[in-house]
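These are the residues of each chain, in order.
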Amino acid sequence: MSNETLLNMKRFSLMLFGLVAMSVIVGCSTTSSGNTERGPQGTIAYYVQIESSEPGARVEANDDYVGKTPMSLKIFGDKDGTFHNFGTMDYIIKVYPVRTGQYVQTKAFKTGGWWTPEDKIPSRLYFDLDLKTERFSIDLPAHKTNE
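Residues numbered from 1 in each chain as written. Predicted model: local features only at pLDDT ≥ 70, side-chain atom pairs only at ≥ 80, totals over all residues. Heavy atoms only, no water.

Give a detailed account of the packing of aromatic side chains, specifying residues and quantitative values.
Inspection of every chain in the model, using the stated rule, returns three aromatic pairs. Here Phe-83 and Phe-109 contribute two aromatic rings whose centre-to-centre distance is 4.9 Å and whose plane-to-plane angle is 20°, an arrangement assigned as stacked. Placement of the pair is Phe-83 in the loop between β4 (71-77) and β5 (90-95) and Phe-109 in strand β6 (residues 105-110), with a sequence separation of 26 residues. Judged by centre distance (6.0 Å) and plane angle (35°), the rings of Trp-114 and Trp-115 are tilted. Overall, the relative accessible area of 79% leaves Trp-114 in the exposed class. In textbook terms, an aromatic cluster arises when at least three aromatic residues are bridged by ring pairs, as seen for Phe-83, Tyr-91 and Phe-109. The cationic tip of Lys-107 hangs over the ring face of Phe-127; the distance from NZ or CZ to the ring centre is 5.1 Å. (Phe/Tyr/Trp six-rings, centres within 6.5 Å; stacked < 30°, edge-to-face > 60°. Helix = DSSP H or I, 4+ residues; strand = E, 2+ residues; numbered from the N terminus. Buried < 20%, exposed > 50% of the residue type's maximum accessible area, 1.4 Å probe, protein only. Lys NZ or Arg CZ within 6 Å of the ring centre and 35° of its normal.)

Lay out the side chain of His-84 in plain terms, naming residues and giving numbers.
Topologically, His-84 is positioned in the loop between β4 and β5. We classify His-84 as buried; its relative accessible area is 15%. Of the polar contacts made by the side chain of His-84, one reaches the side chain of Gln-41; its length is 2.7 Å. Filtering out sequence-adjacent residues up to four positions away, His-84 remains in contact with Gln-41, Thr-43, Phe-76, Gly-77, Asp-78 and Thr-111. (Polar contact = N/O pair within 3.5 Å; in protein donor to acceptor, adjacent residues only side chain to side chain. Contact = heavy atoms within 4.5 Å.)

Run through the environment of Gln-105, naming residues and quoting values.
Examined against the element boundaries, Gln-105 turns out to sit in strand β6. Using a relative accessible area of 6% as the deciding quantity, one classes Gln-105 as buried. Sequence-distant contacts of Gln-105, that is, excluding residues within four places in its chain, are made with Ile-93, Lys-94, Val-95, Phe-127, Asp-128, Leu-129, Leu-131 and Thr-133. Reaching out from Gln-105, the side chain makes a polar contact with the backbone oxygen of Tyr-103 at a distance of 3.3 Å. Side-chain polar atoms of Gln-105 contact the backbone oxygen of Leu-131, separated by 2.7 Å.

Structure follows, in structure tokens:
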């Protein structure tokens, strides 16, 4: 083979590689932006799979009923995958017991603020309704009135 033929083969290979790379880049960017659901304040939709130790448990997000387990919960978050602050510092998910002897389970996530951290939105959450959670409480003395 002549040097000119080898040079033409190298050029063709580089051009072919460049075209393949460009099509992959364009294909990926079109797919991700084309399927992204936009939300308020520049947020995008994330879907969190919520499961519990017993199916049919009531699920609330920020005190709003959103469904029963197992379910998929749509959360509008920031583009970096973190919770967005829509005016509250926490995003709270509660799952309620299905039968007696079970316990309410709660998961709280930080939504961030000026100088406060924000949590990543998980792709899946599991709630064990049989798990007894220890809660911190302060028992204040009863207010005494002068009679």
